[in-house]
Amino acid sequence: MVSTLAGPSVAGNDTLNTSGYRNGPDSLALFQHPCGVAADKKGNIYIADTYNNMIRRVNADSTFALAGDTGAGFADGAGTAARFNRPMGICTDKNGNIYVADTYNNRIREVSPSGNVITYAGNGIQGDSGDGGPATAAELYLPVGVAADTIGNIYVTDNGNNVIREIFTNGTIATFAGSGKAGYLNGKSDTAEFLGLYGVAADDSGYVYVTEYINDDVRKIRNGKVTTLAGNDTNIVFHGGDTIPIYPFGYRNGKNDTALFYDPAGIAVDSSGLSVFVSDEYNHAIRKIGRDSVTTFAGDTTADSLHIIPAIAGYVNGLSPAARFNSPVGLALDNKGNVYVADNGNNAIRKIAPTVLSAVAPVQYVPLPAISAYPNPCSGRLMIASAPQGKAMLCDITGRVVWSSPAFKAPFVLNTAGFTPGVYLFSAQSAAGTVTQKIIVAH
């Protein structure tokens, strides 16, 4: 079952391309081409909001800025004092720390759960050096993906260098796989060739998985050996007399070695390594790689007598075969089996939840009561005369929840005497939906 976790949501077959920056209730939050998503053990979801140059956090009630400001730059520090430059990949470790591939700063940053940012790897110089030494003195070249293993080692897809780097818990860095030569070659990790490295994930058995958006495949690395997990690596086509191989791309399910992808990007794996999820960006679908075959996990595909055409771009929630995405990029998997998607083209964060259905009842749309609140502006007491019954909250303009009620029922008098003067958003949520009203507090 696909739903919208954060960002504007639409019903039916409408499409959406609303970007921007806004905190607050999850359904009102705005993102600008998010590329990364991560989940911690407590249920928090973290977003690399790439074009807003920020790290955002999504919880059950609201979306807010954890670190960074909308201006691109570089600065370590707390919260909005920190600066990022097009952050893309993001992950969490077993202790709840957040790691970010700060792509255009050529650095890996560490963000604490409270929002304090430090540089974890990279000196900011675009290059390829530093193996065997302190990670903070090393050179990186447009890092894109980050992943943590069970021990706490961090893996980085060092895209511009065509290698995977490993940052050890003692703070040193080394090349985990890749010779640095652009191409396609399996075998020993120090002679393997990659091209278009993007996402990275690690399972509990020591396997590391990467996606390649140019080679259009998924590779697997363990014990110094690189193999192809999925993607058609057997039909290499050479362009004319060139020595550059052009690898087949497209859309095809089936056996792992005959499946086709079109710019696979994000990747997430369960602890056993038996289920690997991939965001197939330009097929607008989420694919699942099992032990022997590739299937479409979510995305609207159309079957005919000959083949299945690529999933259709759009914005539709619902059961996964009918759901639509628009250039999905980042992926994350929580400990309940939910898959989270940075739906880049829709500027939204989507959630794919496991569901077992014996029967699906028709959806009943119930008109929501409007919010009636006065006086507005208010100084000490706000009378909420009518609003949907259920969960309610009041957020400031940063998205911070300043008041909430899990079982709200109007009429209700809210004491605003202790609130800082300014603009707030009052939202009331019921099973039928959420309505919001702007409230001005002026003492």
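The structure this text deals with has already been given above.
The model shown is predicted, which means the values in this text are computed figures rather than measured ones.

**Here we look at the packing of aromatic side chains**
Under the counting rule described, the total for this entry stands at 12 aromatic pairs. When the centroid spacing of 4.9 Å and the interplanar angle of 65 degrees are considered together, the rings of Phe277 and Phe297 count as edge-to-face. Of this pair, Phe277 sits in strand S25 (residues 276-280) while Phe297 sits in strand S27 (residues 293-298); the two residues are 20 residues apart in sequence, bridging distant segments of the chain. Owing to a relative accessible area of 6%, Phe277 belongs among the buried residues under this scheme. Ring centres of Phe408 and Phe426 lie 5.7 Å apart, and the angle between their planes is 65 degrees; on these two criteria the pair is classed as edge-to-face. Taken together, the residues span a long stretch of sequence, with Phe408 in strand S36 (residues 401-408) and Phe426 in strand S38 (residues 422-430) at a distance of 18 residues. Phe426 shares its class with Phe408; the two are buried. Within the aromatic cluster, the residues linked to one another by ring pairs are Trp403, Phe408, Phe412 and Phe426. The ring of Tyr251 carries the charged tip of Arg287 above its face, separated from the ring centre by 4.6 Å.

**What to know about the environment of Asn186**
Position of Asn186 relative to the elements: it lies in the loop between strand S15 (173-177) and strand S16 (187-188). Separated by 39 residues in the primary sequence, Asn186 and Lys225 place their C-alpha atoms 7.6 Å from one another. At 3.0 Å, the side chain of Asn186 and the side chain of Arg219 are in polar contact.

**A look at the sheet that holds strand S20 (residues 225-230)**
If you trace the five strands from one edge of the open sheet to the other, you get S16-S20-S19-S18-S17, paired in antiparallel fashion. Only two strands of the sheet have a single neighbouring strand rather than two, namely S16 and strand S17 (197-202). Bridge count between strand S18 (residues 208-212) and strand S19 (residues 217-222): five bridges; the pairing is antiparallel. Looking across to S19, one finds that Glu212 is bridged to Asp217.

**Describing the pattern of salt bridges**
Within this structure, the stated rule accounts for 11 salt bridges. In this structure, the salt-bridge partner of Arg109 is Asp76, at a minimum N-O distance of 2.9 Å. Taken as a pair, Arg109 in strand S10 (residues 107-111) and Asp76 in the loop between strand S6 (62-67) and strand S7 (77-78) lie far apart in primary sequence, 33 residues in all. The exposure class of Asp76 is partly exposed, given its relative accessible area of 38%. Note that Arg109 and Asp102 form a salt bridge whose closest N and O atoms lie 2.7 Å from each other. Of the two residues, Arg109 and Asp102, neither departs from the other in class, the shared state being buried. Connected through salt bridges with shared partners, the residues Asp128, Asp131, Asp158 and Arg165 form a single ionic network.

What counts as what
- Residues numbered from 1 in each chain as written.
- Predicted model: local features only at pLDDT ≥ 70, side-chain atom pairs only at ≥ 80, totals over all residues.
- Heavy atoms only, no water.
- Phe/Tyr/Trp six-rings, centres within 6.5 Å; stacked < 30°, edge-to-face > 60°.
- Helix = DSSP H or I, 4+ residues; strand = E, 2+ residues; numbered from the N terminus.
- Buried < 20%, exposed > 50% of the residue type's maximum accessible area, 1.4 Å probe, protein only.
- Lys NZ or Arg CZ within 6 Å of the ring centre and 35° of its normal.
- Polar contact = N/O pair within 3.5 Å; in protein donor to acceptor, adjacent residues only side chain to side chain.
- Pairing = 2+ DSSP bridges.
- Salt bridge = Lys/Arg side-chain N within 4 Å of Asp/Glu carboxyl O.

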